[in-house]
Structures are given as structure tokens and as C-alpha cells.
Amino acid sequence: MSQKIAVLGSTGSIGRQSLEVIAACGMEAVALAANSSAERMEAQARQFRPRIAALADERAAADLRVRLADTDTRVLSGLEGVLEAAAFPGADTAIAALVGMAGLRPALTAVREGKRVCLANKEALVCAGPLVLEEAKDYGAKIYPVDSEHSALFQCLEANRDRGEVKRLILTCSGGPFYGKKREELEHITVEDALKHPNWSMGAKITVDSATLMNKGLEVIEAMHLYRMPVEKIAVAIHRESIIHSLVEYCDNAMLAQLGAPDMRLPIQYALTWPKRTPGPSAPLDLWNCGPLTFGAPDLTAFPCLALALEAAKTGGTAGAILNGANEAAVAQFLAGRIGFLDIPAKVERALARVKAVQEPTMQDILDADAAAREAAG
Ligand code: MG
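Since we're looking at a predicted model, the values are computed, not measured.

1. With respect to the environment of Gly12
Secondary-structure assignment places Gly12 in the loop between strand 1 (4-8) and helix 1 (13-24). Each C-alpha atom, one on Gly12 and one on Ala34, is 7.8 Å from the other, the two residues being 22 residues apart in sequence.

Printed below as a string of C-alpha cells:
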């Protein structure tokens, strides 16, 4: 029986690549959900013939309903529609690829249905990691990482028998488009500059996060929760080539690394097929021609977002939600042309200073922290 999948965030970069993997591996996309891209969703629904297609935006959903009137796909709308796609009983697997804190509820909904959850939405873990993982345990859901670094760590940790033998998790970081620049050179960065990533093709929000290195900071917190490691045992190495996707260092000083071409379809596929490996659409790595591999330390002065994230990781509790909420608000303002590139870390820093972190938070504490952080960054 083929795997039946709900793709949440199907029209975004991860969602589209997920559908490529699903098509290439003979799996079925039985439910699709996204925010507002009716035209793209129509094309996906015609190709994959899902049972339901949901758009969060009501007007876009009305448009989609007209577009798909001649098909058997049921069109749903609003957050309720997205949550229904997440809970769809006909799917055994959900790919949680909605961007930002907005993806938390759909991801949790899939978790509460006890599905295999392939998690691409890092913000959900950054804001509510312990709660999401606890619910996964309670409801018998299994969470598999889609983020390339976390997939690499997951693969390197498969060699591990005793977590006490792990000395460090090492996340690699391309350095983003402004690698090597000094802080003062970053003052006049435009939206257009920030949206040019050297190795990965991604959505706008994560591309800006990659340029500020906030993405790596969020990934450190994501790894801390996923692999239950203190932040002191997680390091970041700049690796410009994006060939090694992350490493695990063991107590005997052995280091295991996972290598591959920078192609998200591989970690997406492994989250879907684990514990099996199957041939798939991702590009092979040409080891003989991929050039020398380089490593270095991140520049925390030029890229204070990473330092702020490490600080929030140490604080714990709702600090992750404060960091993330302020960053989401600041990045939206930057993309709208209302603030400069260096205002992003400034606003995040202000929110972390103004909003007090609560330890062992409830979901309400997390939502409150998110709202207060967005206001402080406004
Ligand atoms: Mg990543």
C-alpha cells in the first residue's frame, strides 16, 4: 500500500519539492494545504488529485473552488480547512511545511492524530519544542526532521547507541550571501541583495533568515529540542560549500558527517522513507568535482542574530518564542521595505530585553510571548 500524505504548505518551496519526491517515489498526496496561492494549488490538485485542498485565505479558497469545480477534490478554507487537511484520516503522514509560528497549530494537529510528521516548520519547535515533542509521545506520533542539517544529524546519530557518547552536534552554515562582510558593510543591504542565496533556493522568509544567520540560530534551538542536547553541546561551523550538511562529534573524537548535493529533496525523502532508503529525484554529489571543503567560525559581531539566538537558547522557556516572534515581525517589515537589514537584530534584541521569559511554559504562555514579542518589535 502506498504512503498517503498530507502536504501542509504545498505551494511553498519545501511543499513543491515534497510533491516532486511524492511523485517520483510512487507515494500519494491525499490532502494539500497552503495559504493563498490558488493558481499553483489548482495545478497541484490537477496533477495529484488529492481528496482535499485547503487554502487559509478565504478569497483564494473561493477562487480555488471555482477552478476545481470539475474535479473530485473538496476545497476547504480558512484555518479550519488547513487543520482539517492536517488531521485528514486518509493520510498516514503529514509534511509540516507551513512557514513561521502560523505552522504550529497545523503541525500539532497532525501530531495529535498520531501521524508520521515530517517537520520542516522549524519555528514550531523553536517556540514550543518541549510541548510538541511531549504531545508526539502522548499521541504516538513520530517526528522526522526535514531541515537538511537536522536530517544530517539524525543520520549521523543512527550510528549512536548511547546518547552519553555524543560530545557535540555541529551544524554547518553556508554563511549566507553576506559572508565575510563587516557589520558596517551590512548597513545598506537591500531586500533584493538579501534574497540572493549562494547555494539553496528557498522562500523569502528563510532566505532573509539565512542572510542574517538567524536561520542558523533557530536551527540550534531546533536541534537542542529535537535531540535533547544542551545548547553548550551544539556548535556552528561555517562551511561555504553546503556539501556537509552537519556532523556529530563523539566522545572518542570521531566525527561523523553526512554529505550530499545541496538539494532539499533528499532530506524530505528520508523523512518520508525512514528507516528505508530508496532511489529518488535528488541530485547525486559529484565528489570528484565538488572542490575543496572549507570550515570556519561564524562572525557573531557582524551577524548578531546568531548570538541572540544562542542567548535565547540558554535562557530557555519562552525565550525561543520571543526570539522567533520578534524576528518574524522584523523580517516582514524588512521585506516590506520599512526597516533596514541591521534593524532586524536590533528589534529582536529589544524584544528579548523587554519581554520577560517564562520557564516551563504552557501553550498560552507561548502564544502570549509571541504576541508580546511582535508588539515589542513593531
Ligand atoms: Mg536548514
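2. A closer look at the sheet that holds strand 9 (residues 234-238)
Within the open sheet, the 4 strands sit side by side as 9-8-10-11. Their pairing is mixed. Bordering the open sheet on either side are strand 9 and strand 11 (255-259), each of which pairs with just one other strand. On average, each strand axis in the sheet is inclined to that of its neighbour by 20°, with strand direction left out of account. Relative to the sheet, helix 7 (residues 148-157) contacts strand 8 (166-173), strand 10 (244-250) and strand 11, its axis offset from that of strand 10 by approximately 40°.

3. Description of the coordination of the magnesium ion
For a metal with four tetrahedral donors the ideal donor-metal-donor angle is 109.5 degrees, whereas six octahedral donors ideally subtend 90 or 180 degrees. Looking at the magnesium ion, one finds its protein donor set to be Asp147 (OD), Glu149 (OE) and Glu219 (OE), positioned 2.1 to 2.2 Å from the metal centre. Taken in sequence order, the residues that donate to the magnesium ion follow the motif D-x1-E-x69-E. Residue Glu149 is located in helix 7, and its partner Glu219 is located in helix 10 (residues 214-226); the two are separated by 70 residues in the primary sequence. Both residues of the pair, Glu149 and Glu219, count as buried.

4. Some details on the pattern of salt bridges
This structure, assessed with the given rule, holds 20 salt bridges. Among the salt bridges present, the one from Asp63 reaches Arg67, with a minimum N-O distance of 3.1 Å. Highlighted residues: Asp63 and Arg67, both in helix 3 (residues 58-67), separated by 4 residues, approximately one helical turn. Given a relative accessible area of 33%, Asp63 falls into the partly exposed group. Look at Arg67 and you get partly exposed, because its relative accessible area is 26%. One salt bridge in this structure joins Lys205 and Glu123, with 2.9 Å as the shortest N-O distance. Of this pair, Lys205 sits in helix 9 (residues 204-212) while Glu123 sits in helix 6 (residues 122-139), and the two are 82 residues apart along the sequence.

5. Some details on the side chain of Lys216
Here Lys216 lies in helix 10. At 2.7 Å, the side chain of Lys216 and the side chain of Glu149 are in polar contact. When neighbours within four sequence positions are excluded, Lys216 is seen to be in contact with Glu149, Leu171, Thr172, Cys173, Val236 and Leu306.

Parameters and conventions
Just so you know, the residues in each chain are numbered from 1, in the order the chain's sequence is written. For this predicted model, a pLDDT threshold of at least 70 governs which residues receive local features, and a threshold of 80 or more governs which side-chain atom pairs are given and counted, while totals over whole chains, interfaces and linings are taken from all residues. Computation of side-chain values covers all heavy atoms of the structure but excludes hydrogens and water. Numbered from the N terminus, helices here are DSSP runs of H or I no shorter than four residues, and strands are runs of E no shorter than two. Two strands make a pair as long as DSSP finds a minimum of two bridges between them. Orientation is described by axes fitted as lines to C-alpha atoms, over the contacting stretch for helices, and by angles from 0 to 180 degrees between their N-to-C directions. Contact between two residues is taken to exist if any of their heavy atoms lie within 4.5 Å; hydrogens are not considered. Water is not part of the atom set, so a site may look incomplete; the donors themselves are N, O and S atoms within 2.8 Å of the metal, or 3.2 Å for Na, K and Ca. A 1.4 Å probe rolled over the protein chains alone gives each residue an accessible area, and that area as a share of the maximum for its type sets the label: buried under 20%, exposed over 50%, partly exposed in between. Only one rule defines a salt bridge in this text: a Lys or Arg side-chain nitrogen within 4 Å of an Asp or Glu carboxyl oxygen. Polar contact criterion, stated in full: a pair of N or O atoms within 3.5 Å, where within protein one must be able to donate a hydrogen and the other to accept it, and residues adjacent in sequence count only if both atoms are side-chain atoms.

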